[in-house]
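Chains, contacts and geometry: an overview
Chain residues, written in single-letter form:
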Amino acid sequence: MKENPGSLQFNQHDLAILRHSTPIKLLITCLLSCMIGIIFTAVTSQYFLMAVFLLIMASAAISAFLLYAQKISLTAACLVPLLLLCYVYTPLSWFAYNGLMGSTPFLSILFITMITLISYRKVQAVLLSIYGVLLALLILHWLRTTAYDVDMIQLVSLLIAYGLTVAVVVFTINAVKRKNIEVNEQITNLSMHDEMTNLLNRRAVEQVFALQESTPNYAVIMMDVDKFKSINDQFGHDIGDSILKSIAAAIDANIRTGDRAFRLGGDEFLILLPQVSQAVVAQITSRIETSVQEIQGSAISVSVSTGTAFRWECSNTKELLALANQRMYQNKRSKTA
């Protein structure tokens, strides 16, 4: 579709930082917690639990090494220790520390928080569902074997408080994550668009063209406003800016769904046309040139020089843009010859 600021989503380095900073902190926290857990379980003679903590530390160290070697993703590196905490440590500690009346329910809230922080969408839903089933089975087993010693009102209150706490934690964390990602994507979009014309800017060129390389049957149109410096000098920059906005509107009105338009800076524009023939490129170029000539502005005559190039003509994107630029200047020189 036509370029829309709200519709573009880039895999930006900024978004990677946003998603990776929390898992890194959790990985470090996990290691520190395991050290404390080893000391505590050694003092209380819970050697099975101490072995689990040692296993978690070993898996975290291996995961960190594989992450450093770029063999696995950061999320995967955090996931292995977390799975051991959730699905091995939880049941062992449940039976070791008096089930629902022990420390495991409080720790399970911490583990649920960690799952919610490091995972997204389907992965998060699967992990939380499996962990929820495990906790439900542990609670049911405890109710059948131990609950007769506990006051029923206290038990019901405890279960309600536990369920509400889990629900609030998951809902709040996901809401904050969604908001953070939304804000980050809005900032990214703003940084990718020209403030004056709302077209994509030079910074977006590399990323958009990199994505387009997966389907390399495309063309570009390089465009430059004729005698724009004279217009600015004679009529002022406000008029010049108004003309640039009108040209951007003319471009947007005449390109197809799926085409991308850029303002490279000054009076230079670039259009990316995916899956296009030479005839269609000529038609779009002609329509834009005609629309630009119809711009009304204090008896100013406005025109543009264009140059087109096709991806199959060049070995890479850099050569493609250089060829389109060369043809644009040939067109411009032909008007003054």
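Scoring rules and cut-offs
Residues numbered from 1 in each chain as written. Predicted model: local features only at pLDDT ≥ 70, side-chain atom pairs only at ≥ 80, totals over all residues. Heavy atoms only, no water. Helix = DSSP H or I, 4+ residues; strand = E, 2+ residues; numbered from the N terminus. Buried < 20%, exposed > 50% of the residue type's maximum accessible area, 1.4 Å probe, protein only. Contact = heavy atoms within 4.5 Å. Areas by Shrake-Rupley, 256 points an atom, 1.4 Å probe, with all protein chains shown as cover. Axes fitted to C-alpha atoms, helices over the stretch in contact; angles between N-to-C directions. Left-handed = near helix turned anticlockwise from the far one by under 90°. Nonpolar A, V, L, I, M, F, W, Y, C, P; charged D, E, K, R; others polar. Core = buried A, V, L, I, M, F, W, Y, C linked by side-chain atoms within 4.5 Å. Expected span 1.5 Å × (residues − 1). Arc of directions from axis to C-beta. Phe/Tyr/Trp six-rings, centres within 6.5 Å; stacked < 30°, edge-to-face > 60°. Polar contact = N/O pair within 3.5 Å; in protein donor to acceptor, adjacent residues only side chain to side chain. Parallel < 35°, antiparallel > 145°, perpendicular 65-115°, else oblique. Pairing = 2+ DSSP bridges.

1. Some points on the overall build of the chain
Regarding its fold elements, the chain presents 11 helices and five strands. For the chain, the proportion of its 337 residues judged to be buried stands at 42%. Look at the contacts in the chain between residues 6 or more apart in sequence, and 70% of them connect residues 24 or more apart. Summing over all exposed atoms, the chain offers an accessible surface of approximately 18300 Å²; the carbon and sulfur share of this is 63%.

2. Let's talk about the packing of helix H9 (residues 237-254) against helix H10 (residues 278-293)
H10 packs onto H9 with a crossing angle of 145° between their chain directions and a minimal axis gap of 9 Å. Between H9 and H10 lies a crossing whose hand is right-handed. Across the interface between the two elements, Ile247, Ala250, Ile251 and Asn254 from H9 touch Ile284, Arg287, Ile288, Ser291 and Val292 from H10. Residue composition of the contact of H9 with H10, grouped by class: six nonpolar, two polar and one charged.

3. Let's talk about the nonpolar core
Counting residues in hydrophobic clusters, the biggest one holds 39 residues, and the most contacted among them are Phe53, Ile56, Leu85, Tyr89, Phe111, Ile112 and Tyr131. When contributions to this core are tallied by element, the ones reaching two or more residues are helix H1 (13-43), helix H2 (47-68), helix H3 (74-96), helix H4 (104-118), helix H5 (121-145) and helix H6 (152-191). Membership of the second largest hydrophobic core comes to 28 residues, among which are Val225, Ile243, Phe269 and Ile271.

4. Details of H10
Over its 16 residues, H10 extends 23 Å from the first C-alpha to the last, a length consistent with the 22 Å expected when each residue adds 1.5 Å. Inspection of H10 places Val281, Ile284, Thr285, Ile288 and Val292 among the buried residues, and these make up the whole buried set. Each buried residue of H10 lies within a common arc of 100° when the element is viewed along its axis, so the set occupies one face. Next to the buried residues of H10 lie strand S2 (218-225), H9, strand S4 (268-274) and strand S5 (304-310).

5. As for the packing of aromatic side chains
Tallied over the full model, the rule gives seven aromatic pairs. Relative to tyrosine 89, the ring of phenylalanine 53 lies with its centre 4.9 Å away and its plane at 45°, an arrangement referred to as tilted. Separated by 36 residues along the polypeptide, phenylalanine 53 in helix H2 and tyrosine 89 in helix H3 bring together distant segments of the chain. In terms of burial, phenylalanine 53 and tyrosine 89 fall into one category: buried. Taking the centre distance of 6.1 Å and the plane angle of 40° together, the rings of phenylalanine 209 and phenylalanine 262 count as tilted.

6. Overview of the side chain of aspartate 259
Looking at where aspartate 259 falls in the secondary structure, it is placed in the loop between H9 and strand S3 (260-265). Among the polar contacts listed, one links the side chain of aspartate 259 to the backbone nitrogen of arginine 256, at a separation of 2.6 Å.

7. Considerations on the packing of H3 against H5
Two elements in contact, H3 and H5, have axes separated by 10 Å at closest approach and are oriented at 5°. By the angle class used here, H3 and H5 are roughly parallel. Of H5, the residues touching H3 (which contributes Leu79, Leu83, Cys86, Tyr87, Thr90, Pro91, Trp94 and Phe95) are Leu127, Ile130, Tyr131, Leu134, Leu135, Leu138, Ile139, His141 and Trp142. By residue class, the composition of the contact of H3 with H5 is 15 nonpolar, two polar and no charged.

8. Structural notes on the sheet that holds S2
Read from one edge to the other, the open sheet built from five strands follows the order S1-S3-S4-S2-S5, with strand pairing classed as mixed. The open sheet has two edge strands with one neighbour each: strand S1 (200-201) and S5. Examined bridge by bridge, S2 and S5 share seven bridges and lie antiparallel to one another. Its bridge partner lying in S5, methionine 223 is registered against threonine 306.

9. Side note on helix H7 (residues 202-212)
Listed as buried for H7 are Ala204, Val205, Val208, Phe209 and Gln212. Projected onto a plane normal to the axis of H7, the buried residues spread over an arc of 125° and lie on a single side. Facing away from the buried side of H7, by more than 90 degrees, are the exposed residues Glu206, Ala210 and Leu211. Next to the buried residues of H7 lie S1, S2, S3, S4 and helix H11 (317-336). N-cap assignment for H7: the residue whose side-chain oxygen lies 3.1 Å from the backbone N of arginine 203 is asparagine 201.

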